[in-house]
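These are the residues of each chain, in order.
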Amino acid sequence: MAKNGVLVFSYIFPILMLNMSLLVCISAIDENRKVYIVYMGSLPSNESYSPLSHHLNILERVVKNGSAANLLMRSYRRSFNGFAAKLTDNERQALANMKEVVSVFPSTTLQLQTTRSWDFIGLNETTHRNATVESDIIIGVIDTGIWPESESFKDDGFAPAPKKWKGACKGGENFTCNNKIIGARFYGPIQSARDEEGHGTHTASTAAGNDVKAVSFYKLAQGAARGAVPSARIATYAVCSANLGCSTESVLAAFDDAIADGVDVITISLGGMFAMPFQEDVIAIGAFHASVKGILTTNSAGNSGPIAGSVTSVAPWLLSVAASSIDRRIIDKVILGNGTTVVGLSVNSFTLNGTGFPLIYGKAAASRNCSEFAAGGCHSGCLDGDLVKGKIVLCDEISGHDVAYEAGAVGSILNADWVDFPVILAQPATILRDHEYNAIKSYMNSTEDARANILKSEAERDDTAPVIASFSARGPNIILPEIIKPDISAPGVTILAAYSPVAPVTNSPEDKRHVKYSIMSGTSMSCPHAAGAAAYVKAFHPDWSPAAIKSSLMTTAWPMNVTNDSPGEFAYGSGHINPVQAINPGLVYEASKEDYIKLLCSILGESMVRLISGDNSTCPTHSDKDSPKDHNYPSFAGVVPVKKAFSLQFHRVVKNVGFANSTYSAKIFGKNTQVDIKVVPEVLSFESLNQEKPFDVTLVGPGLSDDSQPHVSASLVWSDGTHSTIDEDRKVHIVYLGSLPDNVVYSPLSHHLGLLEKVVESNSAANFLTRSYKRSFSGFAAKLTDRERERLANMKEVVSVFPSRMLHPQTTRSWDFIGLNEQTKRNAGDESDTIIGVIDSGIWPESESFKDDGFSPPPKKWKGACEGGKNFTCNKKLIGARFYGSFTDSARDERGHGTHTASTAAGNAVKDVSFYGLANGTARGGVPTARIASYKVCGDVGCPSEAILAAFDDAIADGVNIITISLGNQDVISLQNDPIAIGAFHAMTKGILTSNSAGNSGPSNATVASVAPWILTAAASSTDRRIFDKVILGNGTAIVGASVNTFKLNGTSFPLIYGKEASSQSCSELEAGNCLAGCLESGLVKGKVVLCDLDIGLNMAYRSGALGSIVRVDWDDDSQILPFPATTLSDKEYNVIKSYYKNSTRNARVNILRSEVERDAAAPLVASFSSRGPNSILPEIIKPDISAPGISILAAFSPIASITDNPQDTRHVKYSILSGTSMSCPHVAGAAAYVKTFHPDWSPAAIKSSLMTTASPMNVSYSSHNAAGEFAYGSGHINPVRAIDPGLVYEASKEDYIQLLCLVLDQASVRLIAGDNSTCSTKKGSLQDHNYPSLAAVVTPNKSFSVTFHRTLKNVGPANSTYNAKILANSTQVDIKVVPQVLSYKSLNEEKTFAVTAVGNGLSDEQQAHVSASLVWSDEIHSVRSPIVIHKKL
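Residues numbered from 1 in each chain as written. Predicted model: local features only at pLDDT ≥ 70, side-chain atom pairs only at ≥ 80, totals over all residues. Heavy atoms only, no water.

Engineer: Explain the overall build of the protein here, please?
Structural biologist: When helices and strands are tallied, the protein shows 36 helices and 71 strands. Radius of gyration (C-alpha) of the protein: 35 Å, near the 35 Å computed for a compact globule of 1434 residues. By principal-axis analysis of the C-alpha atoms, the protein measures approximately 120 × 85 × 65 Å. Here the protein, with 1434 residues, has 61% of them falling under the buried criterion. Accessible area for the protein stands at about 53500 Å²; split by element, carbon and sulfur atoms hold 49% of it. (Helix = DSSP H or I, 4+ residues; strand = E, 2+ residues; numbered from the N terminus. Rg over C-alpha atoms; globule rule 2.2 N^0.38 Å. Buried < 20%, exposed > 50% of the residue type's maximum accessible area, 1.4 Å probe, protein only. Areas by Shrake-Rupley, 256 points an atom, 1.4 Å probe, with all protein chains shown as cover.)

Engineer: It is not clear to me how the sheet that holds strand β4 (residues 82–87) should be interpreted in this structure. Could you clarify?
Structural biologist: Two orientations exist for strands paired in a sheet by backbone hydrogen bonds: parallel and antiparallel. One open sheet holds the four strands; their spatial order is β3-β4-β2-β5, and the pairing between them is antiparallel. Each edge of the open sheet is held by one strand with a lone partner, namely β3 (72–76) and β5 (103–106). Within the sheet, the average angular offset between the axes of one strand and its neighbour, ignoring direction, is 20 degrees. Two elements, strand β2 (residues 34–39) and β5, share four bridges in a ladder whose sense is antiparallel. The partner of Ile37 across the bridge, within β5, is Phe105. (Pairing = 2+ DSSP bridges. Axes fitted to C-alpha atoms, helices over the stretch in contact; angles between N-to-C directions.)

Engineer: Help me understand the state of the cysteines, please; the structure alone is not making it clear to me.
Structural biologist: In a disulfide, the sulfur atoms of two cysteines are held together by a covalent bond. By the definition in use, this model includes ten disulfides. The disulfide bridge from Cys866 ends at Cys874, spanning 2.0 Å between sulfur atoms. Given an S-S torsion of about 85 degrees, the disulfide between Cys866 and Cys874 has right-handed geometry. By relative accessible area, which is 37% here, Cys866 ends up partly exposed. Paired through a disulfide, Cys1067 and Cys1079 show a sulfur-sulfur distance of 2.0 Å. (Disulfide = S-S within 2.5 Å.)

Engineer: How should I be thinking about the sheet that holds strand β17 (residues 318–324) in this particular structure?
Structural biologist: Read across the sheet, seven strands follow the order β8-β11-β7-β14-β16-β17-β26 without closing on themselves; strand pairing throughout is parallel. Looking at strand neighbours, the two that pair on one side only are β8 (181–186) and β26 (488–491), the edges of this open sheet. The sheet shows a mean angle of 25 degrees between the axes of neighbouring strands, taken without regard to direction. As judged from the four bridges shared by strand β7 (residues 138–143) and strand β14 (residues 265–268), these two strands associate in the parallel manner. Residue pairing across strands places Gly140 opposite Ile266, the latter belonging to β14. Sheet contacts for helix α6 (residues 199–208): β7 and β11 (233–238); angle to β7, the most-contacted strand, approximately 155 degrees. Here helix α8 (residues 282–292) sits on the sheet and contacts β14, β16 (296–300) and β17; the angle it forms with β16, its principal contact strand, is near 155 degrees. (Contact = heavy atoms within 4.5 Å.)

Engineer: What is the right way to read the packing of aromatic side chains from this model?
Structural biologist: Given two aromatic rings, one states the distance between the centres and the angle between the planes to describe the pair. Taken as a whole and judged by the stated rule, the model has 21 aromatic pairs. With a centroid separation of 5.5 Å and 85 degrees between ring planes, the pair formed by Phe636 and Phe650 is classed as edge-to-face. Note that Phe636 is positioned in strand β30 (residues 636–640) and Phe650 in strand β31 (residues 646–656), a separation of 14 residues in sequence. With relative accessibility at 0%, the residue Phe636 sits in the buried group. Between Tyr1363 and Tyr1385 the ring centres are 6.2 Å apart and the planes differ by 85 degrees, which places this aromatic pair in the edge-to-face class. Here Tyr1363, found in strand β66 (residues 1361–1369), pairs with Tyr1385, found in strand β68 (residues 1382–1385); they are 22 residues apart in sequence, far enough to count as distant. Through pairs of rings, three or more aromatic residues link up here, namely Tyr589, Phe636, Phe650, Phe695 and Trp718. Above the face of the Trp147 ring, Arg194 is positioned so that its terminal group lies 4.6 Å from the ring centre. Positioned over the ring face of Phe650 is Lys629, at 5.6 Å from the centre of the ring. (Phe/Tyr/Trp six-rings, centres within 6.5 Å; stacked < 30°, edge-to-face > 60°. Lys NZ or Arg CZ within 6 Å of the ring centre and 35° of its normal.)

Engineer: Mind showing me how you'd approach the packing of helix α25 (residues 945–958) against helix α26 (residues 979–989) here?
Structural biologist: Packed helices, taken two at a time, are described by their axes: the angle between them and the distance between them. At a minimum axis distance of 9 Å, the contact between α25 and α26 shows a crossing angle of 10 degrees. Between α25 and α26, the interaxial angle falls into the category roughly parallel. Two secondary-structure elements touch here, α25 through Ser945, Ile948, Leu949, Phe952 and Ile956 and α26 through Pro979, Ile980, Ile982, Gly983, Ala984, His986 and Ala987. (Parallel < 35°, antiparallel > 145°, perpendicular 65-115°, else oblique.)

Engineer: Hey, could you run me through the pattern of salt bridges in this one?
Structural biologist: Oppositely charged side chains can form a pair if their charged atoms are brought close together. Applying the stated criterion to the full structure yields 45 salt bridges. The salt bridge partner of Glu1291 is Lys1354, with a shortest N-O separation of 3.6 Å. You can see Glu1291 sitting in the loop between β63 (1288–1289) and α35 (1294–1302) and its partner Lys1354 sitting in strand β65 (residues 1345–1355), a full 63 residues away along the chain. Judged by relative accessible area, which is 18%, Glu1291 ranks as buried. Look at Lys1354 and you get buried, because its relative accessible area is 18%. Salt bridges sharing partners connect three or more residues here, namely Arg775, Glu867, Arg882, Asp954 and Asp958. (Salt bridge = Lys/Arg side-chain N within 4 Å of Asp/Glu carboxyl O.)

Engineer: Help me understand the confidence of the model for the protein in this model?
Structural biologist: Detail in the predicted coordinates should be disregarded across regions flagged by low pLDDT. Within the protein, residue pLDDT values average 88, and 93% of them lie at 70 or more. This stretch, residues 1–31, has a pLDDT under 50; its non-local contacts, to residues over four places away or in other chains, come to 103 contacts. (pLDDT = per-residue confidence, 0-100.)

Engineer: How do you make sense of the side chain of His986 when you look at a structure like this?
Structural biologist: Among the secondary structure elements, His986 is positioned in helix α26. When its relative accessible area of 1% is taken as the criterion, His986 is described as buried. At 2.5 Å, the side chain of His986 and the side chain of Tyr736 are in polar contact. (Polar contact = N/O pair within 3.5 Å; in protein donor to acceptor, adjacent residues only side chain to side chain.)

Engineer: Please clarify how the nonpolar core should be interpreted in this entry.
Structural biologist: Side chains that are nonpolar tend, in soluble globular proteins, to be buried together. The biggest cluster of nonpolar side chains holds 105 residues, and the ones touching the most others in it are Trp317 and Leu553. Leave out the neighbours within four places in its chain, and Leu553 touches Leu319, Ile488, Ala530, Ala533, Ala534, Val537, Ile577, Pro579 and Ala582. Core analysis: the second largest hydrophobic core is formed by 104 residues, Ala781, Ala930, Ala981 and Ala1232 among them. (Core = buried A, V, L, I, M, F, W, Y, C linked by side-chain atoms within 4.5 Å.)

Engineer: What's the story with the environment of Asn1279 in this structure? I'm lost.
Structural biologist: Positionally, Asn1279 belongs in the loop between α33 (1270–1273) and α34 (1280–1283). The sequence separation of Asn1279 and Thr1253 amounts to 26 residues, and the corresponding C-alpha distance is 9.6 Å.

Engineer: It is not clear to me how the environment of Ala1167 should be interpreted in this structure. Could you clarify?
Structural biologist: For Ala1167, the position within the fold is in the loop between β59 (1156–1159) and β60 (1186–1189). Along the backbone, Ala1167 and Ala930 are 237 residues apart, and their C-alpha atoms lie at a distance of 29 Å. If sequence neighbours within four positions are ignored, Ala1167 has contacts with Ala1020, Ser1021, Asp1117, Arg1172 and Ile1191.

Engineer: It is not clear to me how the environment of Thr555 should be interpreted in this structure. Could you clarify?
Structural biologist: Mapping Thr555 onto the fold places it in helix α14 (residues 546–555). Note on Thr555: relative accessible area 0%, which makes it buried.

Engineer: Looking at this model, I keep getting lost on the side chain of Asn632. Mind explaining?
Structural biologist: Of note, Asn632 is situated in the loop between α19 (606–613) and β30. Within the structure, the side chain of Asn632 is placed 2.8 Å from the backbone nitrogen of Val653, a separation counted as a polar contact.

Engineer: Got a minute to help me understand unusual backbone geometry in this structure?
Structural biologist: Most peptide bonds take the trans configuration, and most residues that are not glycine carry a negative phi. The peptide bond linking Val680 to Pro681 adopts the cis configuration, its omega dihedral lying at -5 degrees. Note the cis peptide between Gly1173 and Pro1174, where omega equals 5 degrees. Relative to the helices and strands, Pro1174 resides in the loop between β59 and β60. Phi at Thr494 takes a positive value of approximately 50 degrees, unusual for a residue other than glycine. Within the secondary structure, Thr494 sits in the loop between β26 and β27 (495–498). Given a relative accessible area of 1%, Thr494 falls into the buried group. Phi at Cys1075 takes a positive value of approximately 60 degrees, unusual for a residue other than glycine. Relative to the assigned elements, Cys1075 resides in the loop between α27 (1069–1074) and α28 (1082–1085).

Engineer: What is the right way to look at the pairing of β7 in this model?
Structural biologist: Sheet faces and side chains relate simply in a regular strand, where the side chains alternate between the two faces. Within β7, six of the six residues are buried, which leaves the element mostly enclosed by the surrounding structure. Across the two faces of β7 the burial is the same, with Ile138, Gly140 and Ile142 and Ile139, Val141 and Asp143 all buried. Judged from the six bridges that link them, β7 and β11 form a sheet pairing that is parallel. Counted as the bridge partner of Val141 is Thr236 from β11.

Following this line, the structure appears as structure tokens:
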């Protein structure tokens, strides 16, 4: 593998180090004694040598008063030589002057420097492993101890300890080792190796913990927690205590033992506040002697960043680790009373009981004895409890959180200089940067009733990762500036790992929570990641030296972005760790004990070096001394004078560990134009394994300025064409090139590779190409660096380059409800020729909904294939299947979502199906005789956009007629970067209409993510069948709730208990009332129904053994499947039960009845979860387009999928009930397919228009769910039967969409998308004039307006017909006129134009976000209705 040597040059900076000693003479001998460490180097090889006798003898020489033995604290005699003793300053001085002593320094206290992370760096559960060797590897963890009973350290399946193990289990009272934790020791005042802090348990499990499934921190960061080498062994060395920290004498003792015990890798997440000389740094001392014995030590860089020169782990034989982010970020949101959402960072596991709470600023809640500054920061004693009770407090400093908590506030909003990593807080709270914090202050100043709600934290994908954490200590190395430190970066932000269940979760004394797995951030977390990675490499190369392992990790690391992570290499070293690549580095920079001795010779005297080495090592004379910059390190650094020309030369040697016969060429990347870098020789040819070759690197430059340019950097890469480190900063991007050229000889794959080869600075561009889109449009997915991405984006043939993202699913009576029943008129022949492409999580081919009884062979137009993978068979109903991505090997649906959507759109009519007797009837699709082609793009982690685009590429070329895709982005993205918009555009040009779910982020405004005008975007609404259940109280009162509860309790009533009264002692009242994890005592809830203030409590009650549960929810319009007898209630009904429980009786009893079905006369109502407009990309295009059934939909399901996502719920079904815009989307697709069977020649725009203009109007004021009007439901509720005869349609061709794109993109991009020489008009039109079936315009608040829309209608009804215009207005504030008011047609397909003008006095900036009306064209038979919306700018 090519070697990535980092080159860094920094100007000389003055370092003034003052040693200040305050001596106080006291008559008592012991009063002025302090513990010092006397380091004497290596142990002599003389067998008769007695370290203890020698140590006592030395002590006796200097101690004048008292017994030397009483002053000796510890003797280091197993792995190196030295002792700790209580000394006076005079005694210390005398010892330091002895020739056999290397150094004498005070024992100080070191600080702790405190899963998705392994997947992020490529070490996933399916990664290739050397299992046998891995099981023999022992990781020594020097930390706070370990919690031996944790699931992460169980020894199921482990063999006895490796024979090489020489250690012992001396963990103290009640501490037992096993075949996983094979050794334990403790030191100093600590009485046990049992971890009471949580830190050591966390680091040990991160490095080598077992693979433990389904763990989380209160449902956050849920997943599997595991170490890098789960089958490795652990030896723990407890050196830290809660009150006293981690004494250096104990740390050195732990190294002494760990080395002698036979560990393979040491991880130590401890460090001082400042870098120390090597001979006085206990970690450097211990790690040196470990390296001599073949043991690599990883050490945290420190948490004093982002200050330059703050890295404390500086020895070259250490692997020093910086902390960086992973692609999972934990955020929380503050919802202000005005509806504004502010995003902050905290790990907040709480949910406030309510929608809004009063806000108060610390200054306004201050007690009298505090200054304004102290009050604003919420300093201790500054908050008046009476003023903050029941309120959320705004504090200028993060430390104000605990003060607000103790004062009785319900929550706090805090300001911090850093906001790049979340911390666990003791109550509902969030941390904000200045900008967001000041926005809340501004809101408070704008109203007398400022209110807010702090939501529970959530996890989101972070595409910017990895980025160095602000706290991570930076270089340069102040002890040895020619050695770059830190060495490498690894995940260290929001890491979930095992924890001590007796340790506090936060430092707040009132926070009583205890957990088995917790989230922590720090270089303490990155250090065990590096240790685990080193152990992983060692499992493949057990004979490699520590230096070789270190080199392999450094030279294969992902390069990181200097712009984001300034000061570059001084922040992240060689880059971000990549353990899988490191097992095959190609070349390594080797370094032996002798190499380190030579380096020490450059900074220490020969006599001292001999003591350290334990032999007769000789240092070169002054003229022959090597420079530290020539130490054979995997990175290069030189120090030069400020503003003076320089010429530097580095000497290095690389060792071949790849192919025996190989040739490597040198290349310099990222070099500064001011510095000339040459490598001699430029080619290294190897003829055998382990052969070594030297080379020189020379740098010449004019000088660095003292301020603007503290350093310059570049990278040296040795590449043999197979091994390459350039891949390591690569992320998958999609390169969209527009339409396929008409040129017959055009080869998309060759073109794509050609483009890649232009930007990829190696000869292996094909290795980076992950997918070529070549069937229906042109583009490719590839692993790119930021630089390559930018270069591609600047090419004239490229439309856009954007990262591959994870999209997510947006999870039958319904067809009868919208008029498409079993007796409806159908065009059977064309329906059987209609093919619906379903892009989703796959399909269950054996379902009755997809049987092919009575079906003829697939239509002749079908060009697809059945490539469903193992044990997957298509038929004449399910005529095609494909799957994409590395997460699956089959198109078989394991989640249920894709089976459900496919059967909703086009499933067979299957009689007598139900969900445990609920919703009994016939399950069928909109077009039961249509064919289905399934394209699986989703796995457990989501649906990657590169796979989605590949599915579109195939579906279009395969010949489908309609595409349904119930997936979406969490946020709205531009059209040229949206894979669904791109795929749907090219589908449209081939006559294929795409239906897409609006999203499930409602009811907030502007949340609709499906915004392209060529897509039919579906909102979700209710049907006239509602599933509910009842709670019967002991007093006979019946309360109606919402759930799909299939269980029936055996009895008439059961005891009711409130979470607070069933709580364990470790939970607060709020946590207990919410029934949070660990808060319910099984003995108290058994046989009872538990009342929980939060819906999350339902699963906790289930796991605790309760008989049933009643929970409060914010929504009341959707029934979810529950794993046991339970119901969900809105505030009003829930409070009725709480009142009954508290006040009415001492023997509160209830019964939860089985769910039942009733008619809902209020339907259709838009679901609260359904995403709303306006369209934030094209506000003149109303989105969503239409509403369709999306609540409590019964359809086919995967029989192996979980129905509740609760691991204890083992039920499996063939038909299930789901809700979401995922369910409304296939209803729209089925309706579109139904229309197409009657009009197979209609364009996608005509079909879309027919559905929109015939939709049933919905009532704006009938329900709060519909309050957003057209921004909630678009044109109304779908009516497919009416849509087959709309009378008139708004037609739009490819050319119309091209002209629309001309308004938002440049002409060159438009031509690439169009695939022709389309020309954008010099006189640009308006988006509001696009021939869309709905009309929208954006106006300025409080200003009068006059808006004109131009439209064209095509006659698809009777040849001779006359239509009259009518305006149905909801507001008198707008005057709307249509010209002409009459359209007369004389032939079929004739087109007529008209204009609509809306004039008004202006919309207020607060009360009136929009006004709407409807334009109806009627010929007394057809009514062609279009909504008109005038709204303010977003």
